[in-house]
Amino acid sequence: MTSEITNSHTSIKFDLKIHNFSNLGCKHKSDVFSVGNIKWRVKVYPKGDSRSWNHMAIYLIPDDKTKSPYAEFSFVIKSQTSSRNNEKGPVLQHQFSQGSKGHGWPKFITPDDLHDRSLGYLKHNTCIIQVKVKCRTRDAARG
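All residue numbers here refer to positions counted from 1 along the written sequence of the relevant chain. Side-chain atom pairs in this predicted model are given and counted only at pLDDT of 80 or more, local residue features only at pLDDT of at least 70, and totals for whole chains, interfaces and linings cover all residues. The basis for every side-chain value is the complete set of heavy atoms in the structure, and neither hydrogens nor water enter the calculation.

## Focus: the packing of aromatic side chains
Selection rule: Here the aromatic set is Phe, Tyr and Trp, taking the six-membered ring for Trp, and pairing holds for ring centres within 6.5 Å; pairs whose planes are under 30 degrees apart are stacked, those over 60 apart are edge-to-face, and all others are tilted. Helical segments are the DSSP runs of H or I of at least four residues, strand segments are the runs of E of at least two, and each set is numbered from the N terminus.
If you walk through the whole model with that rule in mind, you get 8 aromatic pairs. Ring geometry for F73 versus W105: centroids 5.8 Å apart, planes at 75°, classification edge-to-face. Remark: W105 occurs in strand β9 (residues 103-109) and F73 occurs in strand β6 (residues 70-78); sequence separation between them is 32 residues. Put simply, the rings of W40, F73, F75, F96, W105 and F108 touch in pairs and so form one group of aromatic residues.

## What to know about the environment of T66
How we decide: Buried residues are those whose accessible area, probed at 1.4 Å on protein chains only, stays under 20% of the maximum for their type, while exposed residues exceed 50% and partly exposed ones sit between those limits.
Checked against the element boundaries, T66 lands in the loop between β5 (56-62) and β6. Note on T66: relative accessible area 56%, which makes it exposed. In this structure, the C-alpha to C-alpha distance between T66 and S97, residues 31 residues apart in sequence, is 8.5 Å.

## Description of the nonpolar core
Rules: Nonpolar cores were defined as sets of buried Ala, Val, Leu, Ile, Met, Phe, Trp, Tyr and Cys residues, with membership established by side-chain atoms within 4.5 Å.
Judged by nonpolar contacts, the single largest core of 30 residues is most densely connected at W40, F75, I129 and V133. Counting only elements with at least two residues in this core, the list comes to β1 (3-18), β3 (33-35), β4 (38-45), β5, β6, β9 and β11 (126-142).

## Observations regarding the side chain of K43
How we decide: We count Lys and Arg on the positive side and Asp and Glu on the negative side, and we leave His and both chain ends out. In the sections that follow, a salt bridge refers to a side-chain nitrogen of Lys or Arg positioned within 4 Å of a carboxyl oxygen of Asp or Glu. In what follows, residue pairs with any heavy atoms lying within 4.5 Å of each other are defined as contacts.
Here K43 shows up in strand β4. Buried charged residue K43 carries no salt bridge. Nearest counter-charge: D49, at 8.8 Å. Setting aside chain neighbours within four positions, we find K43 in contact with K27, H28, K29, A57, I58, Y59 and I61.

That's the geometry; what it means functionally is another story.
Here you go:
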């Protein structure tokens, strides 16, 4: 009997709807979601974080601080009036370390653009962020 380690990829794509967006405090954490055997959260700072107070910041955070997953991920703030206005961030690739506080964009979008009614990012006080995460996991395959 032989065994080998193979790399496999697991991915997810979903819309994170944040209701009552203008009433959020300093930050918003999504519910936990899973990609393969890794649990994640998205953390949004509507008015910025310690690295940038003049932009909305978005981060992917491993929920289990004892693991060191590798992920490729991206966020899109979806326009609710025209998909041509969707605000897309580049795909990031990151090897998270144990105890990681997350990785992402401290300057994703300016408050002026976010609140510009003609762009449609906040409709009925709801912001929709498309989340795409692809994780690489190592599985033992037995032959």
